[in-house]
Amino acid sequence: MDVNVALEKRRAYRSLTNVEISDEIVEKLGKAAQLMPSCFNKQPWRFVFVKDDPNLNRLKEEALNEGNRWAKESSMIIAVFTKKDLDCVIKDREYYMFDTGMAVSAILLRATELDLVAHPIAGYSPEKVKEILEIPDEYTVITLLIIGKKNAEIPDYFDDWKRKAESTRPERLKLKEFVFTNNFRS
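To start, this report covers the structure provided alongside it. Fair warning: this is a prediction, and the values are worked out from it, not measured in the lab.

Criteria and cut-off values
Residues numbered from 1 in each chain as written. Predicted model: local features only at pLDDT ≥ 70, side-chain atom pairs only at ≥ 80, totals over all residues. Heavy atoms only, no water. Helix = DSSP H or I, 4+ residues; strand = E, 2+ residues; numbered from the N terminus. Buried < 20%, exposed > 50% of the residue type's maximum accessible area, 1.4 Å probe, protein only. Lys, Arg positive; Asp, Glu negative; His and termini not counted. Salt bridge = Lys/Arg side-chain N within 4 Å of Asp/Glu carboxyl O. Contact = heavy atoms within 4.5 Å. Phe/Tyr/Trp six-rings, centres within 6.5 Å; stacked < 30°, edge-to-face > 60°. Lys NZ or Arg CZ within 6 Å of the ring centre and 35° of its normal. Disulfide = S-S within 2.5 Å. 1 Å grid on protein atoms, 1.4 Å probe; cavity = no way out; pocket = protein on both sides within 12 Å on 5 of 7 lines; lining within 4 Å. Points joined across faces, edges and corners; volume = space filled by probe spheres on them. Nonpolar A, V, L, I, M, F, W, Y, C, P; charged D, E, K, R; others polar. Arc of directions from axis to C-beta. Polar contact = N/O pair within 3.5 Å; in protein donor to acceptor, adjacent residues only side chain to side chain.

### Quick word on the side chain of K130
Next, step 1: Positionally, K130 belongs in helix α5 (residues 126–133).
Next, step 2: For the buried K130, no salt bridge exists, and the shortest N-O distance to an oppositely charged side chain is 4.7 Å, to D137.
Next, step 3: Apart from the residues lying within four places of it in its own chain, the contact partners of K130 are I135, P136, D137, Y139 and V141.

In structure tokens, the structure reads:
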């Protein structure tokens, strides 16, 4: 798939249906992250791909906020985490979150290419995620990626905002609001 096609096709859908997640899919998503750049190639990202019970069910029931009820229909949840000392710190610049974000971006695009939805969320309990997945306290859980197949049927419990977001890409900032040439002028 052309990168621009993947960028255009990638959406954070919430209406999901279950799909089998093979070890091959896990490997393809992991390899996408593996290829991303990082400061001095330190590769600070860490992922737990959770596709089987009991941990998948526990994450859905114990770690997700009520607003992410839709994520209970997912086929896999990827916990994304890192820690500062896994990456460069150059003067006051800490790269671990940036570098991990680039790896996540590769997973999002590769999932799109595989005809999967990969929806990053913030509505979860990092403490519960760490407990369930046995992630040591010194790590920061940055996001959970909710993985599934897009479902054409929208659940009855979706509010109007979620229903609209399923059919129409939410409005994006205009380029002039975040792209500047030669200097920053707001």
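### Notes on the packing of aromatic side chains
Next, step 1: A full pass over the atoms with the stated rule returns 4 aromatic pairs.
Next, step 2: The ring of Y13 has K150 sitting right over it, with the charged end atom 4.5 Å from the ring centre.

### With respect to the state of the cysteines
Next, step 1: Scanning all chains against the criterion turns up 1 disulfide.
Next, step 2: The disulfide partner of C39 is C88, and the S-S distance across this bridge is 2.2 Å. Between C39 and C88 the sulfur-sulfur dihedral comes to about -100°; the bridge is accordingly left-handed. Taken as a pair, C39 in the loop between α2 (23–34) and β2 (46–50) and C88 in the loop between β3 (76–82) and β4 (89–90) lie far apart in primary sequence, 49 residues in all.
Next, step 3: Looking at C39, the relative accessible area reads 13%, which means it is buried.

### Concerning the layout of surface pockets
Next, step 1: Approximately 180 Å³ is the volume attributed to the largest pocket.
Next, step 2: Around the largest pocket, the lining residues are R10, R11, A12, R14, H119, P120, A165, E166, R169, P170 and R172.
Next, step 3: Contributions of two or more residues to the lining of the largest pocket are made by β6 (117–121) and α6 (160–167).
Next, step 4: Its residues placed into classes, the lining of the largest pocket shows 4 nonpolar, 1 polar and 6 charged.

### Quick look at unusual backbone geometry
Where the residue is not glycine, phi is negative for most of them; where a peptide bond is considered, it is trans in most cases.
Next, step 1: The omega torsion of the bond from D53 to P54 falls at 10°, within 30 degrees of zero and hence cis.
Next, step 2: Locating P54 in the fold gives a position in the loop between β2 and α3 (55–63).
Next, step 3: In this structure, E134 takes a positive phi of about 60° despite not being glycine.
Next, step 4: Secondary-structure assignment places E134 in the loop between α5 and β7 (140–150).
Next, step 5: Classification of E134 by relative accessible area gives exposed; the value is 70%.

### Side note on α6
Next, step 1: All of the buried residues along α6 are K162, A165 and E166. Viewed end-on, α6 has its buried residues packed into an arc of 105°, placing them on one side of the element. For α6, exposure combined with an orientation more than 90 degrees from the buried face picks out D160, K164 and S167.
Next, step 2: Where the residues of α6 are buried, they touch β7.
Next, step 3: Capping the start of α6 is the job of one residue whose side-chain oxygen sits 3.2 Å from the backbone nitrogen of W161: D159.

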